[in-house]
Amino acid sequence: MLTQIPTHVIAGPLGAGKTSLIQQLLKQRPAHERWALLINEFGLVGLDAALLSTDDDGVSMGEVAGGCLCCVSGVPFQVGLGRLLRKAKPHRLFIEPSGLGHPLQLQGQLRDAPWLDVLAVQPLLMVLDAQALAAGQGLPEAQQETLASAGLLVLNKSEQLDETARAALAAQLPQTALHWTTQGRVELQQLPGITTQAQAAEAAPSLPAGPAPMPQLWLNADEPICQVQQQPEGWSIGWRWHPAQQFELMRVQQWLTSLPWQRAKLVLQTNAGWLSANALRGQALHWQSSEWRKDSRLELIFTEPQDVAVLQAAFSACRL
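Note that the structure is predicted; figures quoted are calculated from it, not measured. (Residues numbered from 1 in each chain as written. Predicted model: local features only at pLDDT ≥ 70, side-chain atom pairs only at ≥ 80, totals over all residues. Heavy atoms only, no water.)

*Asks:* Now, about the overall build of the chain: what can you tell me, with residues and values included?
*Replies:* Summing up its helical and strand segments, the chain has nine helices and 16 strands in all. Out of the 320 residues in the chain, the part that is buried amounts to 52%. Across the chain, every contact between residues at least 6 apart in sequence was considered, and the portion connecting residues at least 24 apart equals 74%. As displayed, the chain offers around 14,400 Å² of accessible surface, 51% of which is attributable to carbon and sulfur atoms. (Helix = DSSP H or I, 4+ residues; strand = E, 2+ residues; numbered from the N terminus. Buried < 20%, exposed > 50% of the residue type's maximum accessible area, 1.4 Å probe, protein only. Contact = heavy atoms within 4.5 Å. Areas by Shrake-Rupley, 256 points an atom, 1.4 Å probe, with all protein chains shown as cover.)

Take a look at the structure:
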């Protein structure tokens, strides 16, 4: 077990490209380093771990599903992070909070007990949707408050902005290092605090411990596990389907296009193979091949509660 583990919080609003950026960073992991990644999602099903699924033995992942990860004093976070650190014994830790979370509060609490001598929290990296900001779309208050404290602002989805538009947008942002990019491409050497190294621990640090959450299992392969939650930031519904189930891709596409969701993430076994998609506010779903094979998952976030029975019936009808 190491101590003073360089810890990088990668924050940003929903759909800005945090997951894409992390995918790019994972590909650049030095062969001699072990990395750990803790993911928080607003929904309860947990999609980012599936979207980031990798066969890389040097990367360990953990999840804290449901709500805002900034509440790091909560038992699920404490135990989840402690378990991940004991399992991975990482040289470097990455934390991806929900796009609806409070990253500045998270940064401060990670510098306090019980993580004070375990983690070396680095300047925050903030991922922003440059195109949305240039079009006048504002940031949630918690994200806006974080901008001035970031060590690097990654202006993602910037390929369609000319120099005039970029200059106008930069003038609205704090005097922080900016990186204009697309598809979350960032060189590892640009990561704030990348030169910081973990230290050998004289004694094993005392980490929060507790039992692992019991996994939910299917009582019937034809029925999904469905989880719903309501929070001030929004309403979410998620499904996990048995891996024996297969979906008609076009039916799924047509059904999702008809819904007023704010965020959609999914990994499905379809008639075209295992595919994933990730979209914001009714954008077109761009399907990609997925390495995930454990089950089919879909998470939708809405601003208002929906009819659960209607949604589930429609999703079930998309099966082959």
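*Asks:* Lay out the sheet that holds strand 11 (residues 225–231) in plain terms, naming residues and giving numbers.
*Replies:* Pairing is antiparallel across the open sheet formed by six strands, whose spatial order is 11-12-16-13-14-15. Each end of this open sheet is capped by a strand with a single partner; those strands are strand 11 and strand 15 (288–289). Across two bridges, strand 14 (residues 273–280) lies against strand 15 in antiparallel orientation. Along strand 15, the bridge assignment pairs Ser276 with Gln288. Where helix 8 (residues 249–257) meets the sheet, it contacts strand 12 (234–241), strand 13 (263–270), strand 14 and strand 16 (296–302), and its direction lies at approximately 165° from that of strand 13. Lying on the sheet, helix 9 (residues 308–316) is in contact with strand 11, strand 12, strand 13 and strand 16; it crosses strand 12 at an angle near 35°. (Pairing = 2+ DSSP bridges. Axes fitted to C-alpha atoms, helices over the stretch in contact; angles between N-to-C directions.)

*Asks:* Which residues make up helix 1 (residues 18–26), and what values do they have?
*Replies:* Within helix 1 the residues assigned to the buried category are Lys18, Thr19, Leu21, Ile22, Leu25 and Leu26. Taken around the axis of helix 1, the buried residues stretch over an arc of 160°, which confines them to a single face. (Arc of directions from axis to C-beta.)

*Asks:* Go over the environment of Pro174, please, and point to the residues and values.
*Replies:* Mapped onto the secondary structure, Pro174 falls in the loop between helix 7 (163–171) and strand 9 (178–180). Residue class for Pro174 comes out partly exposed when judged on its relative accessible area of 24%. Once the C-alpha coordinates of Pro174 and Ser149 are considered, the two residues, 25 residues apart in sequence, prove to be 8.9 Å apart. Those residues in contact with Pro174, other than ones at most four positions away along the chain, are Leu147, Ala148 and Leu153.

*Asks:* Lay out the packing of aromatic side chains in plain terms, naming residues and giving numbers.
*Replies:* Counted by the stated rule, this structure contains eight aromatic pairs. Ring geometry for Trp241 versus Phe315: centroids 5.7 Å apart, planes at 85°, classification edge-to-face. On the criterion of sequence distance, the pair formed by Trp241 in strand 12 and Phe315 in helix 9 is long-range, its members being 74 residues apart. An aromatic cluster of three or more residues is present, and its members are Trp239, Trp241, Phe247, Trp255 and Phe315. (Phe/Tyr/Trp six-rings, centres within 6.5 Å; stacked < 30°, edge-to-face > 60°.)

*Asks:* Just give me the short version of the side chain of Thr270, but keep the residues and values in it.
*Replies:* For Thr270, the position within the fold is in strand 13. Note on Thr270: relative accessible area 1%, which makes it buried. Polar side-chain contacts of Thr270 include one of 2.9 Å to the backbone nitrogen of Ala272. Residue contacts for Thr270: discarding those within four places in its chain leaves Gln246, Phe247, Leu249 and Leu275. (Polar contact = N/O pair within 3.5 Å; in protein donor to acceptor, adjacent residues only side chain to side chain.)

*Asks:* Describe the pattern of salt bridges, and please don't skip the residues or the numbers.
*Replies:* Scanning all chains against the criterion turns up four salt bridges. The partner of Asp129 in a salt bridge is Lys157, with the nearest N and O atoms 3.5 Å apart. Placement of Asp129 in strand 7 (residues 124–129) and of Lys157 in the loop between strand 8 (150–156) and helix 7 is noted, with a sequence separation of 28 residues between them. Its relative accessible area of 11% is what places Asp129 among the buried residues. According to the relative accessible area criterion, Lys157 is partly exposed, its value standing at 22%. With its nearest N and O atoms 2.8 Å apart, the salt bridge here joins Arg297 to Asp295. One exposure class covers both Arg297 and Asp295, and it is buried. Via salt bridges that share partners, Arg240, Asp295 and Arg297 belong to a single interconnected network. (Salt bridge = Lys/Arg side-chain N within 4 Å of Asp/Glu carboxyl O.)

*Asks:* Explain the nonpolar core to me, and be specific about the residues and the numbers.
*Replies:* In terms of nonpolar packing, the biggest core is built from 35 residues, with Leu81, Leu85, Leu93, Leu110, Leu119 and Leu128 touching the most fellow members. It is helix 3 (residues 75–88) that contributes the most residues to this core, five residues altogether. Ignoring sequence-local partners within four residues, the contact set of Leu85 consists of Met1, Ile5, Pro90, Leu93, Trp115, Val118, Leu119 and Leu207. (Core = buried A, V, L, I, M, F, W, Y, C linked by side-chain atoms within 4.5 Å.)

*Asks:* Describe the environment of Gly15, with residues and values.
*Replies:* Looking at the secondary structure, you find Gly15 in the loop between strand 2 (5–11) and helix 1. A residue is classified by how much of its surface remains accessible, and Gly15, at 14% relative accessible area, is buried. Remark: the alpha-carbon pair of Gly15 and Gln262, spanning 247 residues in sequence, is separated by 9.6 Å.

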